[in-house]
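# Observations on chain architecture
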Amino acid sequence: MADPLKLLNITYNYSDLSGVSRISFEVNSGDFTLIVGKTGAGKTTLLKLISLEIVPFSGEIILEKMRSSEIKPRLLPKWRRRIGIIYQNFRLLNDRSALENVRLAAVCERNLPGRPKRRALKALARVGLSHKVHSFPNELSTGEQQRIAIARAIVNEPFLLLADEPVSNLDEETAVEIIELLQKLNQAGTTMLVATHQPERFTSYYSNTLKLDSGRLVEH
Amino acid sequence: MIIFSLREGWRNFGNLGVVGLLSLASLTVTLSLIGLTSRGYLLIEDWKAGLLGRFEIEAFLSDEMDSTKALDISKNIRSLKNIEDVRYITKQAAAERFEDLFGEDIVELLDYNPLPTSLVISMTRDADPFRSWEKTSQAIAEMPGVVDVVYAGELLAKVSRFYHSTGSSVAIVIGVALIVSVLFTVLSVQSAILSRDEFIQIVTLSGGTSWMARGPFVALGGYYGLVSGITASIVMAIVGWFVGMGWDVDPAEAGLSLNMSIRWDYATLIAAGVLLGMFSAGWTASRRIKRK
């Protein structure tokens with residue numbers, strides 16, 4: 001499928017006027033794209049715009065033929081089910097086990113075959129955490145927590161995975177493991193859009209780089 | 001979807017805080033008040049109906065009234081509102097009533113019958129014991145041929161005043177309790193929403209529908225109502241057992257029409273609690289969890 005994600009002249013400003021301005025790019029199916037830039041360059045804002053957590057002031061995002069300007073609130077879930085999100089701080093619920101964390105995301109998508117629990121177990125197996133499904137996040141290492149977050153992001157089989165600084169909180173060894181996991185998912189067909197201020201950690205594997213500076217796309 | 005909401009709502013219920021406990025307590029008080037009042041209402045209606053059944057209006061007629069004229073007056077009285085029955089009491093029947101009441105034959109005592117003929121009027125049960133009775137007795141007193149009208153006006157007025165003032169007070173107390181309990185439920189659900197912000201974010205960003213984000217909090221309100229309803233039912237049962245009141249009053253026997261009567265059994269009370277909790281929580285969730 002050509003151009004599964006397309007951003008056309010996207011602008012968004014926060015009250016302090018930071019944000020992103022006139023951003024346009026395309027991501028092709030199967031790409032592993034890095035969004036690089038310093039802290040405050042607009043990387044997270046861009047990911048939030050793609051997931052429609054915030055709505056662009058102007059411009060349009062096209063996701064698999066769906067247009068952001070035409071998306072009604074009741075269709076937002078449909079948009080978001082096509083995207084998986086990995087957060088910098090994992091955003092795991094500490095009062096539930098790894099399985100329950102992943103299952104929570106799984107129940108949001110009813111159109112996939114298999115029961116949510118089964119799909120959650122499968123996703124945990126894919127990230128190598130089958131043996132820790134009943135562990136709670138605070139019983140796990142940061143690397144394992146990030147793996148749960150990745151399992152949660154892929155449980156609904158999204159075509160696009162957004163990762164916001166997925167390795168910035170991890171030590172070198174764990175970061176390599178997580179990057180390898182992301183690469184494996186990409187090789188299996190998931191399109192990747194990874195925001196990072198440490199592109200050197202990904203040198204071994206990526207197809208495109210988007211460089212942001214003060215909310216503008218300076219290199220494509 | 002419902003199972004998801006119930007399961008997540010139960011998880012929220014498990015993390016009950018101080019505000020949650022206050023919500024439970026206030027809902028229990030409100031539901032207990034509603035339950036006890038409804039039972040009390042039936043009891044009072046029963047008592048009122050029994051009391052009113054013993055009272056009648058008696059209209060004494062002038063000496064010139066014969067039975068034909070008395071019958072005309074009787075017809076006029078029957079055309080008034082809330083009249084159940086009108087009985088004609090002849091002079092002889094009045095003397096017999098006198099003898100029944102006081103054990104003396106007044107005709108033998110005085111050599112003549114001084115008692116006037118009269119009409120004894122009974123009112124319907126739903127007639128207001130103060131306004132209807134007073135209005136009716138005044139209307140009868142103004143009819144030609146009627147010399148005097150007597151009824152237990154003062155007592156009935158007291159009954160009526162007690163009935164109305166108690167009713168108003170109870171309604172105010174229930175109204176205040178209702179507002180307080182809804183307020184605490186709203187606060188409790190609000191604090192649950194704040195503490196589960198991460199959950200809401202995860203659900204919405206994972207493609208969950210708006211209902212999936214709100215449902216668990218509506219269910220939380222339902223659990224508050226359920227637990228409060230059960231507790232209020234227990235309170236009612238205990239109060240009934242202690243006071244020994246006639247909890248088994250039949251609305252029909254209490255003189256209530258089918259439309260007016262509501263059988264407040266425990267199931268209704270619990271259902272009312274669940275609905276109250278769910279509506280309060282649903283309102284809060286729809287305001288606090290914006291679709292985004």
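Residues numbered from 1 in each chain as written. Chains lettered and ligands numbered in written order. Predicted model: local features only at pLDDT ≥ 70, side-chain atom pairs only at ≥ 80, totals over all residues. Heavy atoms only, no water.

## What about the pairing of strand 9 (residues 208-213) of chain A?
Residue and element names in this part refer to chain A. Note that strand 3 (residues 32-36) and strand 9 share four bridges and pair parallel. Residue pairing for strand 9: Leu34 is matched across the bridge by Thr209. Bridge analysis of strand 9 against strand 10 (residues 216-219) gives three bridges, and the strand direction is antiparallel. Bridging across to strand 10, Lys211 finds its partner in Glu219. Counting the residues that bridge the hairpin from strand 9 to strand 10 gives two residues, and of these Ser214 lies at a positive phi of roughly 50°. (Pairing = 2+ DSSP bridges. Helix = DSSP H or I, 4+ residues; strand = E, 2+ residues; numbered from the N terminus.)

## Describing the interface of chain B and chain A
Tallying the contact residues gives 21 residues for chain B and 23 residues for chain A. Between chain B and chain A, the buried area comes to about 1,900 Å², and carbon and sulfur atoms account for 54% of it. Across the chain B-chain A interface, the total number found is four salt bridges. The salt bridge partner of B:Glu198 is A:Arg91, with a shortest N-O separation of 3.6 Å. Inspection of the region where chain B meets chain A yields seven residue pairs in polar contact (both at pLDDT 80 or more). For the side of chain B that touches chain A, the leading source of residues is helix 8 (residues 197-205) of chain B, giving seven residues. Residues belonging to the side of chain B that touches chain A are distributed by class as follows: seven nonpolar, seven polar and seven charged. (Contact = heavy atoms within 4.5 Å. Buried area = accessible area lost by both parts, 1.4 Å probe. Salt bridge = Lys/Arg side-chain N within 4 Å of Asp/Glu carboxyl O. Polar contact = N/O pair within 3.5 Å; in protein donor to acceptor, adjacent residues only side chain to side chain. Nonpolar A, V, L, I, M, F, W, Y, C, P; charged D, E, K, R; others polar.)

## Observations concerning the domain arrangement of chain A
All names here are of chain A. Structurally, chain A comprises domain 1 (1-82 + 160-169 + 191-220) and domain 2 (89-157). Distance from the C-alpha centre of domain 1 to the C-alpha centre of domain 2: 24 Å. Between domain 1 and domain 2, the contact holds six residues from the first and 10 residues from the second. Both faces considered, domain 1 and domain 2 share a buried interface measuring about 590 Å² in area, 42% of it formed by carbon and sulfur atoms. Considering only the side of domain 1, the residues that lose the most area to domain 2 are Arg81, Leu161 and Asn169, jointly responsible for 73% of the buried surface there. Summed over the shared surface of domain 1 and domain 2, the result is zero salt bridges. One can count two residue pairs in polar contact (both at pLDDT 80 or more) joining domain 1 with domain 2. Among the residues forming the side of domain 1 that touches domain 2, the class breakdown is two nonpolar, one polar and three charged. (Domains from an automatic or database assignment.)

## A look at helix 4 (residues 116-126) of chain A
All names here are of chain A. Among all positions in helix 4, only Pro116, Arg119, Ala120, Ala123 and Leu124 are buried. When helix 4 is viewed along its axis, its buried side chains cluster within an angular range of 140° and face the same direction. In helix 4, the exposed positions that point more than 90 degrees away from the buried face belong to Arg118 and Lys122. On its buried side, helix 4 packs onto helix 3 (98-106) and helix 5 (142-154). Trailing helix 4 by a residue or two, Gly128 shows a phi angle of about 80°, which is positive. (Buried < 20%, exposed > 50% of the residue type's maximum accessible area, 1.4 Å probe, protein only. Arc of directions from axis to C-beta.)

## Comments concerning the packing of aromatic side chains
For the structure shown, the criterion picks out nine aromatic pairs over all chains. Geometrically, the ring pair formed by A:Tyr12 and A:Tyr14 is edge-to-face, given 5.1 Å between the ring centres and 80° between the ring planes. Overall, the relative accessible area of 30% leaves A:Tyr14 in the partly exposed class. Measuring from centroid to centroid gives 6.0 Å for B:Phe13 and B:Tyr223, while their planes differ by 40°, and the two rings are tilted. Placement of the pair is B:Phe13 in helix 1 (residues 2-14) and B:Tyr223 in helix 9 (residues 210-243), with a sequence separation of 210 residues. Given a relative accessible area of 12%, B:Phe13 falls into the buried group. A relative accessible area of 14% places B:Tyr223 in the buried class. Through pairs of rings, three or more aromatic residues link up here, namely B:Trp10, B:Phe13, B:Tyr223 and B:Tyr224. (Phe/Tyr/Trp six-rings, centres within 6.5 Å; stacked < 30°, edge-to-face > 60°.)

## Digging into the side chain of A:Thr11
Residues and elements named next belong to chain A. Counting through the fold element by element, Thr11 comes out in strand 1 (residues 5-13). A distance of 3.0 Å separates a polar side-chain atom of Thr11 from the backbone nitrogen of Arg22. Among all residues touching Thr11, those that are not within four sequence positions of it are Val20, Ser21, Arg22, Pro56, Phe57 and Ser58.

## Examining the sheet that holds strand 3 of chain A
Strand pairing in a sheet takes place through backbone hydrogen bonds and is either antiparallel or parallel in direction. All names here are of chain A. Strand order across the open sheet formed by six strands is 6-7-8-3-9-10, with mixed pairing between neighbours. What marks the edges here is a single partner per strand, and that holds for strand 6 (83-86) and strand 10. Strand-to-strand twist in this sheet, taken as the mean axis angle between neighbours without regard to direction, amounts to 25°. Contacting strand 3, strand 6, strand 7 (160-164) and strand 8 (191-196), helix 6 (residues 172-187) crosses the sheet at an angle of about 150° to strand 8. (Axes fitted to C-alpha atoms, helices over the stretch in contact; angles between N-to-C directions.)

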